[in-house]
Amino acid sequence: MTKNMIAYFRTENDAESARSTLQTLKVSNLIIDSIPEANEGTAYIPIAPLGPTWGGKGVVGFSNLTEDEASHGSDYPVTHMLEVQIEEEDIEEAMKILMENNGFEIEK
């Protein structure tokens, strides 16, 4: 069974790097798209582990993000979106890849 995932990135390079690494997993429908500048008011938070599982709210480790970026994730504009369908068995590895490539998700 697959799960749909969407991640947001501040640079096209981060999104492309994530795409390249995600292709080593069982994925389908992997696309990258640019985000229009008029996307103001949406809060983005860094993807990070939540205890033993993954989620965006439990800020445990931010690999490549500075402390300022981790605490002010939505202050930094995102420019690209990556959407992918991932086999459930690869979800944890996919989340690690997204985090390592400075991925963000929409704050809920």
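Predicted model only: the values in this text are computed from it and were never measured.

Break down the overall build of the chain for me, citing the residues and quoting the values.
Helix and strand counts for the chain come out as 3 helices and 7 strands. In sequence order, the chain lays out its α and β elements as β-α-β-β-β-β-α-β-α-β. Every one of the 108 residues in the chain was classed for burial, and the buried ones make up 42%. Long-range pairs, those at least 24 residues apart, make up 82% of the contacts in the chain with a sequence separation of at least 6. Of the roughly 6200 Å² of accessible surface on the chain, a fraction of 47% belongs to carbon and sulfur atoms.

Please set out helix α1 (residues 12-22) residue by residue, giving values where relevant.
Here α1 has its buried residues at Asp-14, Ala-15, Ala-18 and Leu-22. The buried residues of α1 all sit within an arc of 100° when viewed along its axis, so they share a single face. If you follow the buried residues of α1, they end up packed against β1 (2-9), β2 (27-34), β6 (80-87) and α3 (91-100).

Describe the nonpolar core, listing the residues and the values that go with them.
Counting 18 residues, the largest nonpolar core has Met-5, Phe-9, Leu-22, Leu-82, Ile-86 and Leu-98 as its most contacted members. Listed by contribution, the elements that provide at least two residues to this core are β1, α1, β2, β6 and α3. Among all residues touching Ile-86, those that are not within four sequence positions of it are Met-1, Thr-2, Lys-3, Met-5, Leu-22, Lys-26, Val-27, Ile-91 and Ala-94. Counting 6 residues, the second-largest nonpolar core is a separate cluster that includes Ile-35, Val-78, Met-81 and Phe-104.

I'd like a description of the environment of Thr-79, backed by residues and values.
Looking at where Thr-79 falls in the secondary structure, it is placed in the loop between α2 (67-71) and β6. Under the relative-accessibility criterion, Thr-79 is labelled partly exposed at 29%. With 44 residues separating them along the chain, Thr-79 and Ile-35 place their C-alpha atoms 5.2 Å apart. When sequence neighbours within four positions are dropped, the list of residues in contact with Thr-79 reads Phe-9, Arg-10, Thr-11, Glu-12, Asp-33, Ser-34 and Ile-35.

Residue-level account of the pattern of salt bridges, with values.
Inspection of the entire model under this criterion finds 3 salt bridges. Its salt-bridge partner being Glu-16, residue Arg-19 comes within 2.8 Å of it at the nearest N-O pair. You can see Arg-19 and its partner Glu-16 sitting in helix α1, 3 residues apart, about one turn around the helix. Glu-16 sits in the partly exposed class, given a relative accessible area of 30%. In this structure, the salt-bridge partner of Glu-89 is Lys-26, at a minimum N-O distance of 2.3 Å. Residue Glu-89 is located in the loop between β6 and α3, and its partner Lys-26 is located in the loop between α1 and β2; the two are separated by 63 residues in the primary sequence.

Criteria and cut-off values
Residues numbered from 1 in each chain as written. Predicted model: local features only at pLDDT ≥ 70, side-chain atom pairs only at ≥ 80, totals over all residues. Heavy atoms only, no water. Helix = DSSP H or I, 4+ residues; strand = E, 2+ residues; numbered from the N terminus. Buried < 20%, exposed > 50% of the residue type's maximum accessible area, 1.4 Å probe, protein only. Contact = heavy atoms within 4.5 Å. Areas by Shrake-Rupley, 256 points an atom, 1.4 Å probe, with all protein chains shown as cover. Arc of directions from axis to C-beta. Core = buried A, V, L, I, M, F, W, Y, C linked by side-chain atoms within 4.5 Å. Salt bridge = Lys/Arg side-chain N within 4 Å of Asp/Glu carboxyl O.

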